[in-house]
Each structure stands twice: as C-alpha cells, then as structure tokens.
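# Architecture and fold: a report
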Amino acid sequence: MNILVTGGAGYIGSHFVKQLVKVGYNAVVLDNLSRGHKESVPANVNLEIVDLKDYKSTRTIFNKYKFDAVVHFAAYAYVGESVENPELYYTNNLIGTMNLLKAVKESGINKFVFSSTCSLYGNPLKVPISENESVKPINPYAHSKQMIENILKDYSEAYGINYVALRYFNAAGADPEGDIGESHDPEPHLIPITLQVALGKREKVSIFGNDYDTPDGTCLRDYIHINDLADAHIKALEYLNNGGSSDIFNLGTGNGNSVLEIIRTAEKIIGEKIKFEITDRRAGDPAVLVADNKKAKQVLDWQPEFNLEKIISTAWNWHSNQKY
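As a convention, each chain's residues are numbered from 1 in the sequence order in which they are written. In view of the model being predicted, local features appear only for residues whose pLDDT reaches at least 70, and side-chain atom pairs are presented and counted only at 80 or more, with totals across whole chains, interfaces and linings using the full set of residues. For side-chain calculations, the full set of non-hydrogen atoms in the structure is used, while hydrogens and water are omitted.

## Points about the environment of S40
Within the secondary structure, S40 sits in the loop between strand 2 (26-31) and strand 3 (46-49). With 26 residues separating them in the primary sequence, S40 and S14 have C-alpha atoms 5.9 Å apart. The contact rule is simple, with two residues in contact once any of their heavy atoms fall within 4.5 Å. Dropping the residues within four chain positions of it, S40 is found in contact with A9, S14 and I180. By definition, any uninterrupted DSSP run of H or I lasting at least four residues is a helix, any uninterrupted run of E lasting at least two residues is a strand, and each is numbered from the N terminus.

Next comes the structure, spelled out in structure tokens:
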C-alpha cells in the first residue's frame, strides 16, 4: 500500500513513518517543515515540502502519486498558543484539513486515519475516560480537532471516506534505536523538560499545583510511548483495509502517572536529583486524565508495550545524545 503521511516530519508523524516503512508499506511524507524536522524523515522516504493551506500545491502531490490511504498528523498542537492565537489554529488546522479532504475525495481515496486528541474530553466526569464520554473541549486547539472529527463523520456518510480518529493521551518517549525523538521549540511537554533540567539546559521543572485530589497532589496523566502510538496507526490502516467502518478510538495505557512520579522515575534512571518548584495551578488543568483503552485493544487488536520506565529511558537515550 502507498500511504500519504501529512506532518510526517513531526514528532509523532516521523516515528510512525519509520515503523510504517519497517513493516513493508510505502510512504510519502507531506510537510511544510514549519515545525517538523527534515532530518527526521527516513532517507528512503520521499518528502514533499508543501503547505496544506495551499490547495493547488496539495493537489499536485495527489497527481504525482497514487495513494491507497492517508494518515493525517499535520496540525498545530500547542494548547497555550491556541488560546493566545486562535486564528492561527483555525486557519492552519481547519483549512489545511479541508484542502486535504478535497484532494482525497477527488482522488477516490476512501481510507483516512486522523490524529485526534484526548483534549476533546475537557474536564471529564468519569475516569478512566471511554469514547462514550461527552466531548467538551475547552481550548481552540481541541475545538479544531472536534470540528475535524465532525467533518470526517459528514464526509464518511456523504462520500464514503472511511476514517479512524485516534484520540491520543500523552505521547512520550523516543525511538528505541535513538534515531529520532521529541524536539519542540518551545518545548511544552513534561518529560523532555525534565530531561533538559537534568542536562543543565533548564534551571528547574515547574509543577503547576500540588493540591489536586490525587495521591501526591500533582496531576495524573496517561503517558503512551510514541512507538505504541505508531503501532496503533498501522493497526488502524489494517482495520480500514479489511473493511472496517468509520470509528473513534482512545490511545493510552490505562495507567496514570503523576508529575512527581515522572520526576522521581527520571531521577532513578539518570542517577541524579532533578530540581523542581511548585507553582500555581494552570487554568483548565484537570486533576486526572487516563484512558479507557479497551475498545482499541478489542477492535484494533492493539496492545501498548512500553511502561513508564521504558518511556523515560528511550527519551533520555535520545536527549542525552543531542547537541543542543
């Protein structure tokens, strides 16, 4: 199968492309490199530097190659930035996706995998969170993802484009072989921030509140290794290829780890103390976000394999070998 991977030079997309090629698929990466990294794309994979907001250029890629399916990662994904500049997010995420779907429809492609988010659940009423939980996004980033899920549902019903929307929890870790890892500017995620402190690239980790209703007072999150996410996308492609109907799946381990647990686990792996400070809570941070992943396990035959120590170990292996 020939697969178009949008945003394939980004963190999650590049790990997926590596796994995709390893199991025998042909991949073409489409990325505008505004936030992705050219060097993260395998040398044997074609990279097309195109912005999805430009429909004419996007359409040329569909004329140049014949695709059997599309996996769509390309999006801006910083919650704080989306609150400060919602126009950027609605323009990039929505217009880019609409152009992509237009090209998909015109090319007769009927298999589409979408990178969605657990942020759609907002402040959930029940944890672990199942796909039946009400969708209540609380920031423009999550709103843009919800809108795209709605668009996909309409396109599926009207045009026969079968899709899988994968709602990730906290993507983390790095390629176990050390080739690629997580690199954002600015870096918003806890694990790489913690490791940067250990490497002397930051002064300390800020913990936003320690008075939550959790065992140690800090927020609990469900950290899922990047290769487990990549595997789920391959399973989603197989599901669609075998005639599966449009559906939505949570991707998480089903286990929650607190902010302090992340820091203590990193200290154990690295063998040194990591400086942190307790600051005020951030607005909109739920106390607990943990996935109910039974549906993905049952329907996609997917099983996450990396525990927290393996996640942080792979991340440390990659970060400690970078030339900052």
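## Details of the sheet that holds strand 4 (residues 69-72)
Sheet architecture is open: seven strands sit in the order 3-2-1-4-5-6-11, paired in parallel fashion. Across the chains shown, the open sheet's two edge strands, defined by having one partner strand only, are strand 3 and strand 11 (247-251). Direction aside, neighbouring strands of the sheet carry axes that sit 20° apart on average. At least two DSSP bridges between two strands are needed for those strands to be called paired. Of the pairings in the sheet, the one linking strand 1 (residues 2-6) to strand 4 comprises four bridges and is parallel in character. Residue pairing in the sheet places L4 in a bridge with V70 of strand 4. Under this scheme, a helix contributes an axis fitted over its contacting stretch, all axes are lines through C-alpha atoms, and angles between N-to-C directions fall in the 0 to 180 degree range. In this fold helix 5 (residues 140-159) packs onto strand 5 (111-117), strand 6 (162-168) and strand 11, with an angle of close to 155° to the strand it touches most, strand 5.

## Thoughts on the side chain of N293
Examined against the element boundaries, N293 turns out to sit in the loop between strand 14 (288-289) and helix 9 (294-300). A simple rule labels every residue: compare its accessible area, found with a 1.4 Å probe on the protein chains alone, to the largest value its type can have, and call it buried under 20%, exposed over 50%, or partly exposed in between. N293 sits in the buried class, given a relative accessible area of 6%. For this analysis, a polar contact is any N or O atom pair within 3.5 Å, provided that within protein one partner can donate a hydrogen and the other can accept it, and provided that sequence-adjacent residues contribute only side-chain to side-chain pairs. Side-chain polar atoms of N293 contact the backbone oxygen of T253, separated by 3.3 Å. When sequence neighbours within four positions are dropped, the list of residues in contact with N293 reads N250, G252, T253, G254, W302 and P304.

## What about empty space enclosed by the protein?
Empty space among the atoms can be located by rolling a probe the size of a water molecule over them. Points on a 1 Å grid over protein atoms alone make up a cavity when a 1.4 Å probe fits among them but cannot get out, and a pocket when they form an open set with protein on both sides within 12 Å along at least five of seven lines; lining residues each have an atom within 4 Å of a point. Grid points are joined across faces, edges and corners, and a volume is the space filled by probe spheres set on the points. On inspection of all chains with the given rule, the structure shows one cavity of 30 Å³ or more. If you add up the space inside the largest cavity, you get close to 40 Å³. Every residue lining the largest cavity is listed: G173, A174, G181, E182, I191, P192, A315, W318 and H319. Those elements that place two or more of their residues in the lining of the largest cavity are helix 6 (190-198) and helix 10 (308-319). When residues in the lining of the largest cavity are grouped by element, the largest group, three residues, is from helix 10. Looking at the lining of the largest cavity, its residues break down into five nonpolar, three polar and one charged. Polarity classes work like this: nonpolar for Ala, Val, Leu, Ile, Met, Phe, Trp, Tyr, Cys and Pro, charged for Asp, Glu, Lys and Arg, and polar for all others, with Gly in that last group.

## Things to note about the packing of aromatic side chains
Aromatic rings from Phe, Tyr and Trp, with only the six-membered ring used for Trp, were paired whenever their centres fell within 6.5 Å, and each pair was classed as stacked if the ring planes differed by under 30 degrees, edge-to-face if by over 60, and tilted otherwise. All told, the structure shown has six aromatic pairs when counted by the stated rule. When the centroid spacing of 6.0 Å and the interplanar angle of 85° are considered together, the rings of Y239 and F249 count as edge-to-face. With Y239 in helix 7 (residues 226-241) and F249 in strand 11, this residue pair connects regions lying 10 residues apart in the sequence. The pair Y239 / F249 is uniform in exposure class, with both members buried. Every member of this aromatic cluster is reached through a ring pair, and the members are F62, Y65 and F67. Charge-over-ring placement is defined geometrically: NZ (Lys) or CZ (Arg) within 6 Å of the ring centre, and within 35 degrees of the ring normal. For the cation-ring pair, K102 lies above Y55, with the distance from its terminal atom to the ring centre recorded as 4.5 Å. We note K105 situated over the ring of Y159; from NZ or CZ to the ring centre the distance is 5.0 Å.

## Regarding the environment of N123
Topologically, N123 is positioned in the loop between strand 5 and helix 5. Accessibility expressed as a relative area gives 40% for N123, which makes it partly exposed. As a C-alpha pair, N123 and F208 span 85 residues in sequence and 17 Å in three-dimensional space. Other than its neighbours up to four places away in sequence, N123 contacts K136, I138, G284, D285 and P286.

## Some details on the pattern of salt bridges
Side chains that differ in charge, positive against negative, can pair when their charged atoms come close. Take a side-chain nitrogen of Lys or Arg and a carboxyl oxygen of Asp or Glu: if they are within 4 Å of each other, that pair is a salt bridge. Within the structure shown, the criterion is met by 18 salt bridges. Between D247 and K295 there is a salt bridge, with the nearest N and O atoms lying 2.6 Å from each other. Of the two residues, D247 is situated in strand 11 and K295 in helix 9; the sequence distance between them amounts to 48 residues. Since its relative accessible area comes to 23%, K295 is described here as partly exposed. Here K294 makes a salt bridge to D292, at a shortest N to O gap of 2.9 Å. Given the relative accessible area of 48%, K294 is considered partly exposed. Among the charged side chains, a salt-bridge network with shared partners connects K18, K22, D175, E177 and D179.

## Here we look at helix 7
Here a helix's expected span is defined as the number of its residues, less one, multiplied by 1.5 Å. The end-to-end C-alpha distance of helix 7 is 23 Å, a good match for the 22 Å that 16 residues give at a rise of 1.5 Å each. For helix 7, a buried count of 12 out of 16 residues is recorded, marking the element as mostly surrounded by other parts of the structure. Residues of helix 7 that are buried: I226, N227, D228, L229, A230, A232, H233, I234, A236, L237, Y239 and L240. Taken from the residues just after helix 7, G243 is the one with a positive phi, measuring 90°.

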